[in-house]
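Topology and contacts: notes
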Amino acid sequence: MRIAIDVSPLTSKKSLQHRVRGTGFYIEYLKKHLVSYYPNNQYIFFTRGEKIPENVDLVHYPYFEPFFLTLPFARKYKAAVTVHDLTPLVFPRNFPSGLRGIIKWKIQKFLLEKIDALIADSESSKNDILKFTNIPENKIHVVYLAASPSFKKINTSALQSIKQKYKLPDKFVLYVGDVTWNKNLPRLVEAIKKINLTMVMIGAALVRKDFDWTNPWNQDLFSVIKSIGNDRRFIRHGFIPAKDLVVIYNLATVFAMPSLYEGFGLPILEAMSCGCPVVASKNGSIPEVAGGGVYYVDPYDINELANGIGEVYFNQKLRKELALKGLAQAKKFSWEKTTKKTIDVYRSVVNHSSIS
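Residues numbered from 1 in each chain as written. Predicted model: local features only at pLDDT ≥ 70, side-chain atom pairs only at ≥ 80, totals over all residues. Heavy atoms only, no water.

Things to note about the sheet that holds strand 11 (residues 278-280)
Taken in spatial order, the 6 strands line up as 9-8-7-10-11-12 in an open sheet, and their pairing is parallel. The open sheet terminates on both sides in strands that have one partner only, identified here as strand 9 (234-237) and strand 12 (295-296). Bridging between strand 7 (residues 173-176) and strand 10 (residues 254-257) involves 2 bridges; their strand directions are parallel. Each bridged residue has a counterpart across the sheet, and for Val173 the counterpart in strand 10 is Val254. Here helix 10 (residues 266-273) sits on the sheet and contacts strand 7, strand 10 and strand 11; the angle it forms with strand 10, its principal contact strand, is near 165 degrees. (Pairing = 2+ DSSP bridges. Helix = DSSP H or I, 4+ residues; strand = E, 2+ residues; numbered from the N terminus. Contact = heavy atoms within 4.5 Å. Axes fitted to C-alpha atoms, helices over the stretch in contact; angles between N-to-C directions.)

Encoded structure:
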């Protein structure tokens, strides 16, 4: 097969924010493992505006946003689209779209419904696609993501050097991710204050100073930064390279991700792969990813969140049990499986008689 894949988030200045989010990692890993596991196919990696060769069998758009125009208005090729999540549509009050966003969603929805196949990160995301579009269920394929193979349990001298490099304490709670409403950071910060622990927070948005404070989508970020202030219990870092992040997961005492909603929840899988005990919510796709490998809490209840983190943090036996369960759960996901199922979707589209 000759497969063209849109990699705009990795190269376009307008989409650079995706490079430090799940979408960017997904595209990078997909590129690498398609070439590695299925080298007999020909892959054309392009960015928006570039001409696609005439004789491709399929075009894959590996990212989709409801309020931004990410799909082509006209196409002459069979196509697949990856929809990671539709969280802004699930919670419209917390992700207001404005008039422009509403118009763009109508356009995006129309274009999406013409696509030959959709890839969803989870059953949760698939259900949201079915709820908000008129796409037949048989056109939506669930393909779980996977952590990079570099995320694993390690025990080397790198632990100490990374600890010193980022000025990390001996014990700490770790958070990795964005600061949008669904991430539930304000409640997590309050929970950490209640039990008086140190939390290391990693994410590009956490150290940004050039964002729009008046944008409703940034209100949780504003709240978190204001709440933390100069509190030394909170150590904030921006984007950290994967090779260093692996070590930090290994150093962490507990990883906390009490999201109100997730389309997948890749940091949970990364933490479990590194043998780091995880405290998480049961919302959205998280149970699909975490299974029985994490300690679940009610993300809306700050007291329960604080107690859950404290229970894991101070109980060495429980931490060891969760680490082992997490490692076992993480092994169920791999890029070999992700790539195979993606190729299966490509084949199903190419073998179909015509463009939808």
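Points about the nonpolar core
In globular proteins that are soluble, nonpolar side chains generally tend to be buried together. Leu174, Ile248, Tyr249, Phe255, Ile268 and Leu269 are the most contacted members of the largest nonpolar core, which totals 61 residues. Top contributing element to this core by residue count: helix 9 (residues 242-251), with 6 residues. Once you skip the residues sitting within four places of it in the chain, Ile248 turns out to touch Ile162, Tyr166, Leu168, Phe172, Leu174, Ile202 and Ile240. With 30 residues, the next largest nonpolar core counts Ala191, Ile192, Ile228 and Tyr313 among its residues. (Core = buried A, V, L, I, M, F, W, Y, C linked by side-chain atoms within 4.5 Å. Buried < 20%, exposed > 50% of the residue type's maximum accessible area, 1.4 Å probe, protein only.)

A few points about the sheet that holds strand 5 (residues 117-120)
Overall, parallel pairing links the 6 strands, which are arranged 2-1-3-4-5-6 in an open sheet. One side of each edge strand has no neighbouring strand; the edge strands of this open sheet are strand 2 (42-46) and strand 6 (140-142). With direction set aside, neighbouring strand axes in the sheet form an average angle of 25 degrees. Relative to strand 5, strand 4 (residues 79-83) runs parallel, the two being bridged by 4 bridges. For Ala80, the partnering residue across the bridge sits in strand 5 and is Ala117. Contacts between helix 2 (residues 22-37) and the sheet are confined to strand 1 (2-6), strand 2, strand 3 (58-61) and strand 4, with strand 2 contributing the most and set at about 155 degrees to the helix. In this fold helix 14 (residues 335-350) packs onto strand 1, strand 2, strand 3, strand 4, strand 5 and strand 6, with an angle of close to 135 degrees to the strand it touches most, strand 3.

Concerning unusual backbone geometry
Here the phi dihedral of Asn184 falls at roughly 65 degrees; this positive angle occurs in a residue that is not glycine. Residue placement: Asn184 occurs in the loop between strand 7 and helix 7 (185-195). The backbone of Asn196 sits at a positive phi, close to 55 degrees, despite the residue not being glycine. Here Asn196 lies in the loop between helix 7 and strand 8 (199-202). Overall, Asn196 belongs to the exposed group, its relative accessible area being 53%.

With respect to the pairing of strand 3
Because side chains alternate across strand 3, one face comprises the buried residues Leu58 and His60, and the other comprises Val59 and Tyr61, equally buried. Relative to strand 3, strand 1 is paired through 3 bridges, and the arrangement is parallel. Within strand 3, the position partnered with Ile5 by the bridge is His60. Relative to strand 4, strand 3 is paired through 3 bridges, and the arrangement is parallel. By the bridge assignment for strand 4, Tyr61 is matched with Val81.

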